[in-house]
Amino acid sequence: MRLDHFFILTEKSAPEAELLTEFGLIEGTSSDHPGQGSANRHFFFSNTTLELLYVRDANEANDGPGHGLQFPERASNPDASPLGLVMRCDGDSERPAFPGWRYQPMYFDPGVSFLVGENSGRLEEPLCICMPSNLPSGSPQQQSGAPFIEVTELWLHVPIDEPSSVLEEIARVEGIHIQTNSPHFLEIAFGHEAEGKQRDFRPRLPLKICW
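Description of the structure in this document. Quick caveat: nothing in here was measured; it's all calculated off a predicted structure.

What counts and what doesn't
- Within every chain, residues take consecutive numbers counted from 1 along the sequence as written.
- For a predicted model such as this one, the threshold for reporting local features is a pLDDT of at least 70, and the threshold for listing and counting side-chain atom pairs is 80 or more; totals across whole chains, interfaces and linings nevertheless cover every residue.
- Only hydrogens and water are set aside; all other atoms, that is, all heavy atoms of the structure, feed into the side-chain values.
- Here a helix means four or more residues in a row that DSSP labels H or I, a strand means two or more in a row labelled E, and each is numbered from the N terminus.
- Values of the radius of gyration come from C-alpha atoms, whereas the globule rule sets the reference at 2.2 Å times the count of residues to the power 0.38.
- The buried label goes to any residue with under 20% of its type's maximum accessible area, the exposed label to any with over 50%, and the partly exposed label to all in between, with areas taken from a 1.4 Å probe on protein chains only.
- We call two residues in contact when some of their heavy atoms are within 4.5 Å.
- If DSSP finds at least two bridges between two strands, the strands pair.
- Axis definition: a line fitted to C-alpha atoms, limited for helices to the stretch in contact. Angles are taken between N-to-C directions and run from 0 to 180 degrees.
- By convention in these notes, a salt bridge is any Lys or Arg side-chain nitrogen within 4 Å of a carboxyl oxygen on Asp or Glu.
- The rule for a disulfide is simple: a pair of cysteine sulfur atoms within 2.5 Å.
- Nine residue types can take part in a nonpolar core, namely buried Ala, Val, Leu, Ile, Met, Phe, Trp, Tyr and Cys, and a core is a set of them joined through side-chain atoms within 4.5 Å.
- Two N or O atoms form a polar contact when they lie within 3.5 Å of each other; inside protein one atom must be a possible hydrogen donor and the other a possible acceptor, and for residues adjacent in sequence the pair counts only when both atoms belong to side chains.

## A closer look at the overall build of the protein chain
Helix and strand counts for the protein chain come out as 4 helices and 13 strands. In summary, the protein chain has a C-alpha radius of gyration of 16 Å against a globular reference of 17 Å for 211 residues, a match within 12%. With respect to the three principal axes, the spread of C-alpha positions in the protein chain is 45 × 35 × 35 Å. Across the 211 residues that make up the protein chain, the buried fraction comes to 51%. By sequence separation, contacts in the protein chain at least 24 residues apart represent 60% of the contacts at least 6 residues apart.

The following block contains the structure:
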């Protein structure tokens, strides 16, 4: 497995994106998720993408095929994790190492589905999702410039003592770390933190960027 992209659940329309553009990141295209009740704003890097995801329509999110993701509850419950990791399987492996359930969004072709980690019901943990192996990678998008080019490490902070087996499996992926007994937030390192600088966007956004 490798990281494809990661997301943070935000307020509706993701006004927090302005914090990142003011900081110097370049915002890319946005997209809507029919049947899932969500939409997003994107920031692209050379090896992954940050997605600010928000609930566009709570009724659609609760009643549509993506209701098992529990986005409205995750977005409104302060004890729930607002974070998510979306992985890909490379090579001959078509399935991730973690158990889960199939979710076929309305915006996918028939027979194409995500695999959602079975820890999705544990709202205190990040959502862990694997992309379908037969889904092609998206077209190249405009990326932020130096020093925010390549994400080299990712820390997910969670206020739990013992991670689920799904989260433990995710933590085995190179460059991904789980920090337990810590308030929900995400820490991103660019370029192996060569400049020794950082910016904390809390409390507006559960995110810290190190470079």
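## Brief notes about the sheet that holds strand 9 (residues 151–157)
Sheet strands pair by backbone hydrogen bonding; their relative direction is either parallel or antiparallel. With respect to topology, 5 strands assemble into an open sheet ordered 10-9-11-13-12, the strand pairing being mixed. Pairing within the sheet leaves two strands with one partner each, and these edge strands are strand 10 (176–179) and strand 12 (198–200). Along the sheet, successive strands turn relative to each other by an average axial angle of 15 degrees, direction set aside. In terms of strand pairing, strand 11 (residues 185–190) meets strand 13 (residues 207–210) through 4 bridges, oriented parallel. Across the sheet, the residue bridging to I188 is I209, located in strand 13.

## Regarding the pattern of salt bridges
Tallied over the entire structure, the rule returns 11 salt bridges. Residues E27 and R41 are paired through a salt bridge, measuring 2.7 Å at the closest nitrogen-oxygen approach. Placement of E27 in strand 2 (residues 27–33) and of R41 in strand 3 (residues 38–44) is noted, with a sequence separation of 14 residues between them. Looking at R41, the relative accessible area reads 14%, which means it is buried. Connected through salt bridges with shared partners, the residues E18, E27 and R41 form a single ionic network.

## Section: the state of the cysteines
This structure, assessed with the given rule, holds 0 disulfides. Summary of cysteine pairing: C128 is not part of a disulfide, and the nearest cysteine sulfur, belonging to C130, is at 11 Å. On the basis of relative accessible area, C128 is assigned to the buried category, the value being 1%. Free of any disulfide, C130 has its nearest cysteine sulfur in C89, 3.7 Å distant. The class for C130 is buried, based on a relative accessible area of 3%.

## Things to note about the nonpolar core
In terms of nonpolar packing, the biggest core is built from 42 residues, with L20, L50, L52, L85, L186, L207 and I209 touching the most fellow members. By residue number, the principal contributor to this core is helix 1 (residues 17–23), which donates 4 residues. Non-local contacts of L52, meaning those with residues more than four positions away in its chain, are made with I8, T10, A14, E16, A17, L20, A39, N40, R41, F43 and L205. With 16 residues, the next largest nonpolar core counts A61, F108, V112 and F114 among its residues.

## So, the pairing of strand 8 (residues 127–130)
Burial of the side chains of strand 8 extends over both faces: L127 and I129 are buried on one face and C128 and C130 on the other. Two elements, strand 5 (residues 83–88) and strand 8, share 4 bridges in a ladder whose sense is parallel. Looking at strand 8, one finds that L85 is bridged to C128. Judged from the 2 bridges that link them, strand 7 (residues 114–117) and strand 8 form a sheet pairing that is antiparallel.

## Brief notes about the side chain of S144
Summarising the element assignment, S144 is placed in the loop between strand 8 and strand 9. What makes S144 buried here is its relative accessible area of 4%. A distance of 2.7 Å separates a polar atom in the side chain of S144 from the backbone nitrogen of I26. With residues up to four places along the chain from it excluded, the contact list for S144 reads L25, I26, F44, F45 and I149.

## Things to note about the environment of N59
Tracing the sequence through the fold places N59 in helix 2 (residues 58–63). Look at N59 and you get exposed, because its relative accessible area is 58%. Each C-alpha atom, one on N59 and one on P72, is 8.9 Å from the other, the two residues being 13 residues apart in sequence.

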